[in-house]
Amino acid sequence: MILVVKVNEFELHDDEFVKPVTDLLENFKVVDYREISKKDLDEAEKIIICGTALKDNKYFENLDKFSWLKNFKKPVLGICAGMQIIAEVLGYKIIKNKKIGVFENRYHLHSFSVEGFDDKLEIMNFKGYLFHPEVLNKELIREFALG
Amino acid sequence: MKLGVLFSGGKDSSYALYKARNEVKVLITLDSKNKDSFMFHTPIDKVQELSKKINLPLIKVKTEGRKEEELEDLKKAIKKAINEYQIEGVVTGAVASTYQASRIQKICDELEIYCFNPLWLKNQEELLREIVELKFKIKIVKVAADGLDESWIGKVIDKKNLEKLIVLSKKYRFSISGEGGEIETEILDGPIFR
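First, a word on scope: everything that follows refers to the structure included in this document.

Rules used throughout
Residues numbered from 1 in each chain as written. Chains lettered and ligands numbered in written order. Predicted model: local features only at pLDDT ≥ 70, side-chain atom pairs only at ≥ 80, totals over all residues. Heavy atoms only, no water. Phe/Tyr/Trp six-rings, centres within 6.5 Å; stacked < 30°, edge-to-face > 60°. Helix = DSSP H or I, 4+ residues; strand = E, 2+ residues; numbered from the N terminus. Buried < 20%, exposed > 50% of the residue type's maximum accessible area, 1.4 Å probe, protein only. Pairing = 2+ DSSP bridges. Axes fitted to C-alpha atoms, helices over the stretch in contact; angles between N-to-C directions. Contact = heavy atoms within 4.5 Å. Salt bridge = Lys/Arg side-chain N within 4 Å of Asp/Glu carboxyl O. Core = buried A, V, L, I, M, F, W, Y, C linked by side-chain atoms within 4.5 Å. Domains from an automatic or database assignment. Buried area = accessible area lost by both parts, 1.4 Å probe. Polar contact = N/O pair within 3.5 Å; in protein donor to acceptor, adjacent residues only side chain to side chain.

## As for the packing of aromatic side chains
Residues and elements named next belong to chain B.
Here comes step 1: Here the structure, examined in full by the defined rule, presents 14 aromatic pairs over all chains.
Here comes step 2: Between the aromatic rings of Y18 and F136, the centroid separation amounts to 5.9 Å while the plane-to-plane angle is 85 degrees, which identifies the pairing as edge-to-face. Here Y18, found in helix α1 (residues 11–19), pairs with F136, found in the loop between α5 (124–133) and β6 (137–143); they are 118 residues apart in sequence, far enough to count as distant. The same class applies to Y18 as to F136, namely buried.

Right, dumping it as structure tokens:
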């Protein structure tokens, strides 16, 4: 089972930031980042942390809800805000970097990025894409799910 | 949160309105002179009448429809909705167009409001099935795809016609949701009417 972590503050964003990801998966469970239980983490084979809207930065105030990432050994994929969350928890610096639209066949929708990284991150069991692969690069999510 | 919907009177913006219905305070429409606009749906002549039936006020701004100027006109319309109805976010019916979606995202970002795209990347067949299931009465007003002749104009997308459209879209490989302008629609009735 892949645990899909929802980061968006408003339910109306579920269809935009979570559903396009789960549409690419077969066996998954969606959970709000504030409600992840130990059981969820134990049962998950992999985890995907979804992105959220440009103006929705509420999760930055609740980064402690992601402290489980520090000792987590299974594969985790962070999309956009998800990549920023992984980086921040692992001690990397978040910097302002606004990018909206399609660049080199990748759909970007972000106000920040991670210092020292371009639009990808790979550290141990953690992977991150600053762009939204569910839009133009669906194969990246399928590869993560199957790999 | 108070929201404005970018509303054309077609099926996608009507369904987006339905999804956000409890928070929507105003409809926003761009009346474009450019019938081939990449940004805005035409024709929109029924929008005024629809806003009365839906019981929501309408902000309608005219645009020549020139490529980048029309974005400034859209920005003006959204600004007007912010000033008059204190909206904090905009809802669109964008399904697959990154051109359309990213431009609206940029405008919302500049105006510091939220952008909601509740139909984003939705499976096209699923989208139409849901609309029909919810008893939206949607009429086809324009067709522009191989496999769709003029006899489709004026037809309502009911279950029977939907199945026919699905078969044709697979055979002739056009977008069944009409995202590329293959089918333009107009809402006649549905759960957003009060």
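We are not done yet, so read on.
## Details of the sheet that holds strand β2 (residues 28–32) of chain A
All names here are of chain A.
Here comes step 1: On the basis of which strands lie adjacent, the open sheet formed by six strands has the order β2-β1-β3-β4-β8-β7 and mixed pairing. The outermost strands of the open sheet, each flanked by one partner alone, are β2 and β7 (120–123). Pairs of neighbouring strands in the sheet enclose a mean axial angle of 15 degrees, with direction left out of account.
Here comes step 2: By the bridge criterion, four bridges tie β7 to strand β8 (residues 126–129) in an arrangement that is antiparallel. Of the residues in β8, the one forming a bridge with I123 is F126.
Here comes step 3: Taken strand by strand, helix α4 (residues 81–89) contacts β3 (46–49), β4 (76–79), β7 and β8, and its axis lies near 120 degrees from that of β4.
Here comes step 4: Against the sheet, helix α6 (residues 138–146) engages β1 (2–6), β3, β4 and β8, with an angle of about 155 degrees to β3.

## Remarks on the pattern of salt bridges
Here comes step 1: Under the criterion given, the structure shown has 25 salt bridges over all chains.
Here comes step 2: When the shortest N-O distance is used, the salt bridge between R34 of chain A and D32 of chain A registers 3.0 Å.
Here comes step 3: For D32 of chain A, a relative accessible area of 12% corresponds to the buried category.
Here comes step 4: Residues E133 of chain B and K159 of chain B are paired through a salt bridge, measuring 3.6 Å at the closest nitrogen-oxygen approach. With E133 of chain B in helix α5 and K159 of chain B in helix α6 (residues 159–172), the pair connects residues that are 26 residues apart, well separated along the chain.
Here comes step 5: For E133 of chain B, a relative accessible area of 52% corresponds to the exposed category.
Here comes step 6: On the basis of relative accessible area, K159 of chain B is assigned to the exposed category, the value being 55%.
Here comes step 7: Where salt bridges share partners, they join K19 and D23 of chain A together with K122, E126 and E130 of chain B into one cluster.

## Looking at the nonpolar core
Here comes step 1: Within the largest apolar cluster, 43 residues are counted, with the highest numbers of intra-cluster contacts made by L17, I54 and L148 of chain B.
Here comes step 2: Counting residues domain by domain, this core receives three or more from each of domain 1 (3–116) and domain 2 (125–189) of chain B.
Here comes step 3: Once residues within four sequence positions are removed from consideration, L17 of chain B is found in contact with V5, F7, V24, L27, I54, L56 and I192 of chain B.
Here comes step 4: By size, the runner-up hydrophobic cluster in this structure holds 31 residues, among which are Y59, F66, V76 and V89 of chain A.

## Things to note about the sheet that holds strand β2 (residues 24–32) of chain B
Residue and element names in this part refer to chain B.
Here comes step 1: The five strands are arranged β3-β2-β1-β4-β5 in an open sheet whose pairing can be described as parallel. The two strands at the open ends of the sheet, each matched to only one other strand, are β3 (58–63) and β5 (114–116). Taken pair by pair, the neighbouring strands of this sheet meet at an average axis angle of 25 degrees, ignoring direction.
Here comes step 2: Strand direction decides the pairing type here: strand β1 (residues 3–6) and β2, joined by four bridges, are parallel. Of the residues in β2, the one forming a bridge with L6 is I28.
Here comes step 3: The strands touched by helix α4 (residues 98–110) within the sheet are β1, β4 (89–91) and β5, with β5 carrying the most contacts at an inclination of about 155 degrees.

## With respect to the interface of chain B and chain A
Here comes step 1: With 22 residues of chain B in contact, the opposing surface of chain A contributes 18 residues.
Here comes step 2: Between chain B and chain A lies a buried interface of about 1900 Å² when both sides are counted; carbon and sulfur atoms form 64% of it.
Here comes step 3: Among the residues chain B hides against chain A, the three largest losses belong to Y114, W120 and L121 of chain B. Together they make up 29% of the total.
Here comes step 4: Applying the counting criterion to the chain B and chain A interface returns three salt bridges.
Here comes step 5: In this structure, K98 of chain A and D109 of chain B form a salt bridge, with 2.8 Å as the shortest nitrogen-oxygen distance.
Here comes step 6: Counting every contact that joins chain B to chain A gives six residue pairs in polar contact (both at pLDDT 80 or more).
Here comes step 7: Of all the secondary-structure elements, those providing two or more residues to the side of chain B that touches chain A are α4 and β5 of chain B.

## Here we look at the pairing of β1 of chain A
Residue and element names in this part refer to chain A.
Here comes step 1: Within β1, five of the five residues are buried, which leaves it mostly tucked inside the rest of the structure.
Here comes step 2: Going residue by residue along β1, you find I2, V4 and K6 tucked away on one face and L3 and V5 tucked away on the opposite face as well.
Here comes step 3: Of the pairings in the sheet, the one linking β1 to β2 comprises five bridges and is parallel in character. Paired with L3 across the bridge in β2 is K29.

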